[in-house]
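The primary structure of each chain is shown beneath.
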Amino acid sequence: FGRVMEVVEPEFMTTQRRKDAWYISTLAVDPEIHGAGLGSLLIQDTLADAGDKATWLVGLRGVEKFYEKFGIQAVAKSNIGEMEAWTGGAVMMRE
């Protein structure tokens with residue numbers, strides 16, 4: 001993953017604001033309780049902590065619509081090179 005990100009990051013880390021962005025690592029909710037609003041609470045709390053700083057993440061397959069509800073948009077793909085077979089890999093950012 002690290003080697004792929006070394007290639008991909010220059011594509012979207014194009015401004016100082018983006019270079020200073022917070023990286024959101026792993027947020028997950030047990031599938032048995034999906035739909036209860038816990039994922040929304042997690043991301044809202046994380047974004048509140050970030051304040052007006054840009055934030056970014058690399059999402060698994062199918063998460064784009066969820067994050068778009070919070071103003072986080074796809075800006076690149078990280079499933080290239082040795083990670084080409086990975087389904088997912090949307091690099092998403094809130095400016």
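Residues numbered from 1 in each chain as written. Predicted model: local features only at pLDDT ≥ 70, side-chain atom pairs only at ≥ 80, totals over all residues. Heavy atoms only, no water.

## Examining a nonpolar patch on the surface
A cluster of nonpolar side chains, Ile 33, Leu 38 and Leu 41, forms an exposed patch at the surface whose accessible area comes to about 260 Å². Structurally, the position occupied by Ile 33 is in the loop between strand 1 (22-23) and helix 3 (38-50). Looking at Ile 33, the relative accessible area reads 40%, which means it is partly exposed. (Patch = residues over 30% accessible without salt bridge, like charges linked within 9 Å, V, L, I, M, F, W, Y side chains within 5 Å. Areas by Shrake-Rupley, 256 points an atom, 1.4 Å probe, with all protein chains shown as cover. Salt bridge = Lys/Arg side-chain N within 4 Å of Asp/Glu carboxyl O. Helix = DSSP H or I, 4+ residues; strand = E, 2+ residues; numbered from the N terminus. Buried < 20%, exposed > 50% of the residue type's maximum accessible area, 1.4 Å probe, protein only.)

## Notes on the confidence of the model for the chain
Residues shown with low pLDDT carry predicted positions that ought not to be read at fine detail. Within the chain, residue pLDDT values average 90, and 100% of them lie at 70 or more. When the elements of the chain are averaged for pLDDT, helix 1 (residues 2-12) gives the smallest value, 84, and helix 3 the largest, 96. (pLDDT = per-residue confidence, 0-100.)

## What about the sheet that holds strand 3 (residues 73-77)?
Read across the open sheet, the 4 strands follow the order 1-2-4-3; overall the sheet is mixed. Single-partner strands in this sheet number two, and they are strand 1 and strand 3. Direction of pairing for strand 1 relative to strand 2 (residues 55-60): parallel, over a ladder of 2 bridges. What sits directly across from Trp 22, in strand 2, is Thr 55. Here helix 1 sits on the sheet and contacts strand 2, strand 3 and strand 4 (88-94); the angle it forms with strand 3, its principal contact strand, is near 135°. (Pairing = 2+ DSSP bridges. Contact = heavy atoms within 4.5 Å. Axes fitted to C-alpha atoms, helices over the stretch in contact; angles between N-to-C directions.)

## Things to note about helix 3
The terminal C-alpha atoms of helix 3 lie 18 Å apart, and with 13 residues this matches the ideal 18 Å at 1.5 Å per residue to within 8%. Those residues of helix 3 that fall on the buried side of the exposure criterion are Gly 39, Ile 43, Thr 46, Leu 47 and Ala 50. All buried residues of helix 3 lie within an arc of 95° about the axis, which places them on one face of the element. Turned more than 90 degrees away from the buried face of helix 3, the exposed residues are Leu 41, Ala 48 and Asp 49. Those residues of helix 3 that are buried are in contact with strand 1, strand 2, helix 4 (64-68) and strand 4. Of the residues one or two after helix 3, Gly 51 is the one with positive phi, at around 60°. (Expected span 1.5 Å × (residues − 1). Arc of directions from axis to C-beta.)

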